[in-house]
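Topology and contacts: notes
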Amino acid sequence: MDKFRIQGPSRLQGIVRASGAKNAALPALAACLLTGDEVTLSNLPRVQDLRTLRRLLAHLGVESSGDGETLTLSARGEGSLDDAPYEMVKTMRASVLVLGPMLARRGRARVSLPGGCAIGVRPIDQHLLGLEALGATVRLDHGYVNAEAARLRGTRFRFATPTVTGTENVMMAATLAEGTTRLENCAREPEVADLARLLNAMGARIAGAGTDTLEIEGVSALHGARHSVIGDRIEGGTYLIGAAISRGDVTLAGAAATDLAPLLEKLAECGCTVDVGAQGIRVARSGALRPRDVITAPHPGFPTDLQAQYMALMTQAEGMATLHETVFENRFQHVPELMRMGADVRAEGGTARVYGPSALSGAAVMATDLRASACLVLAGLVAAGSTEIDRIYHLDRGYEAMETKLAALGARVERLTGAGTPVPVEH
Ligand code: EPU
């Protein structure tokens, strides 16, 4: 298993470009199942989760070609009758995004339930209730969802809780339903809106993207399209927090400031300089860091996907900050690892109190999930000495070439392969 070794402290400085958003790219790939025509997607991040979904789509009969950053996909074939098997779905929950499109276009889908997850229970009941409202018969057996419908019918459905992939799944299915569908209490994340843009380019009729109510006029077929996915606000936000934690000066290109507003407002309150200009979003810090509380919430609230990274930052603030995690039940797994590096954090239930500033020191730590790993990388940047982060396959799921991007900003970071050999970082 690969590790990162980071020599701290270091200061991040320079320009970094956000890759395409993983969480926009995943539903975009799944949307290709809705048509037999070619769909060309660009600005895709080269990350493990996309490789995993591409493998599942190949199993479902989707041909794809391209260099990873751009892919042309064609769902002409019938695909496997096993549909989406446990072996493939268990490694990545977002695989469930094939359910809505397969059902809508093929009239049936058999998709494994995703199973356990490190950050919370993460049920998919809202996906299934939405598909049932569209007229599908949904049956669970042997750990699989079996959904069937000769043709889905337009409906009115209200999500009990805003769910990102749930909204995406039901929205994709509704594009091919007979009649109009109204979805309420939808997730408003920019990635959902980006998917709606792709679907409309494929001939869907979706209004209200980016709001909590979607109106989808069903069409009988979708066609091919070209689409460039939005930049990754979470990856980009991680580097901006890197600037703040390391008293650095980083300009982020390729991500929209409006999508990052909750983080940028918080960084400004903490005493960072935040400028949005032609080159991108600049975050710099020279003075002391003020502690500021955070409550995670669905967009446009503070993203749960930046909570762990923000916690690393608060270890350097002059005082106590309270972090409330409201989206997932178990998203403080970075806390014990941060404490091993010298942080003073008291977590109970969904609340963590971070008492700063702490002089962090390098230690051997373990990554437990994608964003927890990013938190440890940020802590490693300001810790004195060497931090070794094990199990960085979690990072590789969602951060493209992180060590290269960090090294270009001045960090001293290297990847150690399973055999313990450092891999030279090119930048
Ligand atoms: N929920 C339900 N029932 C459902 C669906 C969700 O109760 O049917 C609950 C969840 O348990 C959770 C809340 O609703 O408490 C929100 O979950 P959501 O469904 O929005 O999460 P998701 O769609 O599974 C996506 C991202 C996550 C991100 C969350 C929240 C993708 C592929 N994944 O997950 O990204 O944390 O939205 O913004 O889009 C990551 O990139 O590290 C990551 C975990």
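Everything that follows concerns the structure shown earlier in this document.
Bear in mind that the values here come from a model prediction, so they are computed numbers and not experimental data.

**Notes on the packing of aromatic side chains**
- Taken as a whole and assessed by the stated rule, the structure comprises two aromatic pairs.
- Considering the side-chain rings of F157 and F159, the 5.0 Å spacing of their centres and the 85° angle between planes classify their relative orientation as edge-to-face.
- Residue F159 is classed as buried on the basis of its relative accessible area, which comes to 1%.
- Aromatic pair F302 and Y310: ring centres 5.4 Å apart, planes at 65°, arrangement edge-to-face. Exposure class is identical for F302 and Y310. Each is buried.
- Cation over ring: R110 sits above Y144, and NZ or CZ is 4.1 Å from the ring centre.
- Its guanidinium or amino end placed over the ring of Y355, R346 lies 4.3 Å from that ring's centre, counting from NZ or CZ.

**Here's the deal with the nonpolar core**
- By size, the foremost hydrophobic cluster in this structure holds 74 residues, and its most contacted members are V98, M171 and L199.
- If you tally residues by element for this core, the top one is helix α1 (residues 22–31), at seven residues.
- Beyond its immediate stretch of four places on either side in the chain, V98 contacts A30, L33, L53, L56, L57, L60, A84 and V111.
- Core analysis: the second largest hydrophobic core is formed by 68 residues, F4, L240, L289 and V382 among them.

**Focus on the environment of R151**
- Examined against the element boundaries, R151 turns out to sit in the loop between β8 (144–148) and β9 (156–158).
- Distance from R151 to A136, taken between C-alpha atoms, is 8.3 Å for residues 15 residues apart in sequence.
- Only 3.0 Å separates the side chain of R151 from the backbone oxygen of L176, close enough to count as a polar contact.

**A closer look at empty space enclosed by the protein**
- Applying the stated criterion across every chain yields a total of one cavity of 30 Å³ or more.
- Each pocket or cavity is described by its volume, and for the largest cavity that value is around 30 Å³.
- In terms of lining residues, the largest cavity is bounded by A21, K22, N23, E191, D232, I234 and R371.
- Considering only residue class, the lining of the largest cavity consists of two nonpolar, one polar and four charged.

**Section: unusual backbone geometry**
- Following G8, the chain continues to P9 via a peptide bond in cis, the omega torsion being -5°.
- Note that P9 resides in the loop between β1 (3–8) and β2 (13–17).
- Omega for the peptide link from G356 to P357 comes to -5°, which places this bond in the cis form.
- One can find P357 in the loop between β20 (351–355) and β21 (364–366).
- The backbone of N185 sits at a positive phi, close to 55°, despite the residue not being glycine.
- Relative to the assigned elements, N185 resides in the loop between β10 (180–184) and α7 (190–201).
- Judged by its relative accessible area of 18%, N185 is buried.

**What about the site of the ligand?**
- Neighbouring the ligand are 22 residues; Q126, T163, T165, D305 and V327 lie closest to it.
- Within the side chain of D125, one N or O atom sits 2.8 Å away from a nitrogen atom of the ligand.
- Separating an oxygen atom of the ligand from a backbone N or O atom of V164 is a distance of 2.8 Å.
- In isolation the ligand exposes 830 Å². Once the protein is present, 85% of that is buried.
- Sorting the residues of the shell around the ligand by element identifies α1, α5 (125–133), α6 (164–174) and α12 (370–382) as the ones contributing at least two each.
- Of the residues belonging to the shell around the ligand, the class tally is nine nonpolar, seven polar and six charged.

About the thresholds
Positions within a chain are numbered from 1, following the residues in the order the chain's sequence is written. Note on the predicted model: pLDDT of at least 70 is required for a residue's local features to be given, and 80 or more for side-chain atom pairs to be given and counted; whole-chain, interface and lining totals, by contrast, use all residues. To obtain the side-chain values, all non-hydrogen atoms of the structure were included, while hydrogens and water were left out. Think of it this way: a Phe, Tyr or Trp ring, Trp meaning its six-membered ring, pairs with another when their centres are within 6.5 Å, and the plane angle makes it stacked under 30 degrees, edge-to-face over 60, tilted otherwise. We call a residue buried when its accessible area falls under 20% of the maximum for its residue type, exposed when it is over 50%, and partly exposed in between, using a 1.4 Å probe and counting protein chains only. Definition used: whenever NZ (Lys) or CZ (Arg) falls within 6 Å of the ring centre and also within 35 degrees of the ring normal, the charge is taken to sit over that ring. We call a set of buried residues a nonpolar core when its members are Ala, Val, Leu, Ile, Met, Phe, Trp, Tyr or Cys and they connect through side-chain atoms within 4.5 Å of each other. Secondary structure elements are defined from DSSP: runs of H or I of at least 4 residues count as helices, runs of E of at least 2 residues count as strands, and each element is numbered from the N terminus. Contacts are residue-level and defined by heavy atoms, with any inter-residue pair within 4.5 Å sufficient. For this analysis, a polar contact is any N or O atom pair within 3.5 Å, provided that within protein one partner can donate a hydrogen and the other can accept it, and provided that sequence-adjacent residues contribute only side-chain to side-chain pairs. Here a cavity is any set of points on a 1 Å grid over the protein atoms alone where a 1.4 Å probe fits but cannot get out, and a pocket is any open set with protein on both sides within 12 Å along at least 5 of 7 lines; a residue lines the site when it has an atom within 4 Å of a point. Grid points are joined across faces, edges and corners, and a volume is the space filled by probe spheres set on the points. As a working rule, the residues Ala, Val, Leu, Ile, Met, Phe, Trp, Tyr, Cys and Pro are called nonpolar, Asp, Glu, Lys and Arg charged, and the rest polar, with Gly in that last group. For each residue, the test is whether any non-hydrogen atom lies within 4 Å of the molecule or strand; if one does, the residue is near. Using the Shrake-Rupley algorithm and a 1.4 Å probe, accessible areas are obtained, with residue cover drawn only from the displayed protein chains.

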